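Per-entry structural report
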Amino acid sequence: MSGHGIPRAPHRESLHGAGRVLGVMFRPGGFRPLLGRSLTILTDRVVPVAEIFGPAGNAVSEAVLAASDDAGMVAAFEHFLRPRIDALAGEGGSRLATVDQVAGIVERVAADPTVLRVDDLADQLGIGVRSLQRLCTEHIGVGPKWIIRRYRLHEATARMAEAGSAGCDWARLAVELGYSDQAHFVRDFTATIGVSPARYARETASTTARATKPTATSTRGHGRRAVIGRRGRG
């Protein structure tokens, strides 16, 4: 088993063969109390769970891998994780309260597309810019500027999907997402997503067109007719 920090660059991995996978995703800031250190030590890294939890990490890895089914894998990891979370709550909950604060920051950015600048976000939260930067860096592993940019680029991909074959006005979209010019938007998008906005839009439109293209199927047998249907989006 391994722990994955936030990857700031595009990541691709091909899976082959058959097997089972157990993944545990924490709320933004939720892993910081368990780690006991700044999340920056995991940013852009994948580390063995034993490097995080010591011998106990090796033990839980063996227990998870030895489980006979998915439910057993989940139960094995919960048995490891639950006492540690309960212990944090028993300390008075101050560290868990910080988790709620940090998660709330990310939720605000995700929900409000008008959040474009770090200083505007800090004003909305009623805290200083430096305090906001420390909270995000310490508890998430990246700064608020990166978080804002990531969610606005998510919004860009949603806009492209909505536009479909009609295409997007890139200059207008760049301004609406808080970029000073189209070139800056294109650089950020390409660095984060791995392809240019134009290519992403073409591939999305092509995939959507294939998924909704009418197809004819026929069946053999007396009294049966060809059926015209549409493939659902998968």
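Residues numbered from 1 in each chain as written. Predicted model: local features only at pLDDT ≥ 70, side-chain atom pairs only at ≥ 80, totals over all residues. Heavy atoms only, no water.

1. Points about the overall build of the protein
- Counting secondary structure elements, the protein contains 11 helices and 4 strands.
- The buried share of the protein, taken over its 234 residues, is 30%.
- Contacts in the protein between residues far apart in sequence, at least 24 positions, make up 59% of those at least 6 positions apart.
- Of the roughly 14800 Å² of accessible surface on the protein, 52% is carried by carbon and sulfur atoms. (Helix = DSSP H or I, 4+ residues; strand = E, 2+ residues; numbered from the N terminus. Buried < 20%, exposed > 50% of the residue type's maximum accessible area, 1.4 Å probe, protein only. Contact = heavy atoms within 4.5 Å. Areas by Shrake-Rupley, 256 points an atom, 1.4 Å probe, with all protein chains shown as cover.)

2. Things to note about the side chain of H139
- Within the fold, H139 resides in helix 7 (residues 129–139).
- In contact with H139, other than residues within four places in its own chain, are G29, R32, L39, T98 and V102.

3. Observations concerning the environment of G194
- Of note, G194 is situated in the loop between helix 10 (182–193) and helix 11 (197–212).
- The class for G194 is partly exposed, based on a relative accessible area of 35%.
- Along the chain, G194 and R12 lie 182 residues apart, while their C-alpha atoms are 9.7 Å from each other.
- Discounting chain neighbours no more than four positions away, the residues touching G194 are P10 and F189.

4. A look at the pattern of salt bridges
- Enumeration according to the criterion identifies 13 salt bridges in this entry.
- With a shortest N-O distance of 3.0 Å, E155 and R159 are connected by a salt bridge. Of this pair, E155 and R159 both sit in helix 8 (residues 144–163), separated by 4 residues, roughly a single helical turn.
- E155 sits in the buried class, given a relative accessible area of 19%.
- For R199, the salt bridge is made with E203, and the minimal N-O distance between the two is 2.8 Å. In this pair, R199 and E203 are both assigned in helix 11, 4 residues apart and thus about one turn of the helix distant.
- With relative accessibility at 41%, the residue R199 sits in the partly exposed group. (Salt bridge = Lys/Arg side-chain N within 4 Å of Asp/Glu carboxyl O.)

5. Observations regarding the nonpolar core
- Counting 18 residues, the largest nonpolar core has F31, L42 and I52 as the members making the most contacts within it.
- Listed by contribution, the elements that provide at least two residues to this core are helix 1 (32–35), helix 2 (49–53), helix 3 (55–66) and helix 4 (70–90).
- With 6 residues, helix 4 is the largest single contributor of residues to this core.
- Among residues more than four places away in sequence, those in contact with F31 are F26, L39, L42, I52 and F53.
- In this structure, V102, V118, V142 and I148 belong to the second largest nonpolar core, which totals 16 residues. (Core = buried A, V, L, I, M, F, W, Y, C linked by side-chain atoms within 4.5 Å.)

6. Section: helix 8
- Compared with the 28 Å implied by 1.5 Å per residue over 20 residues, the 29 Å span of helix 8 between its first and last C-alpha is a close match.
- Following helix 8 by one or two positions, G164 adopts a phi angle in the positive range, close to 60 degrees. (Expected span 1.5 Å × (residues − 1).)

7. Section: the side chain of T204
- Note that T204 resides in helix 11.
- T204 sits in the buried class, given a relative accessible area of 19%.
- A distance of 2.8 Å separates the side chain of T204 from the backbone oxygen of Y200, its partner in a polar contact. (Polar contact = N/O pair within 3.5 Å; in protein donor to acceptor, adjacent residues only side chain to side chain.)

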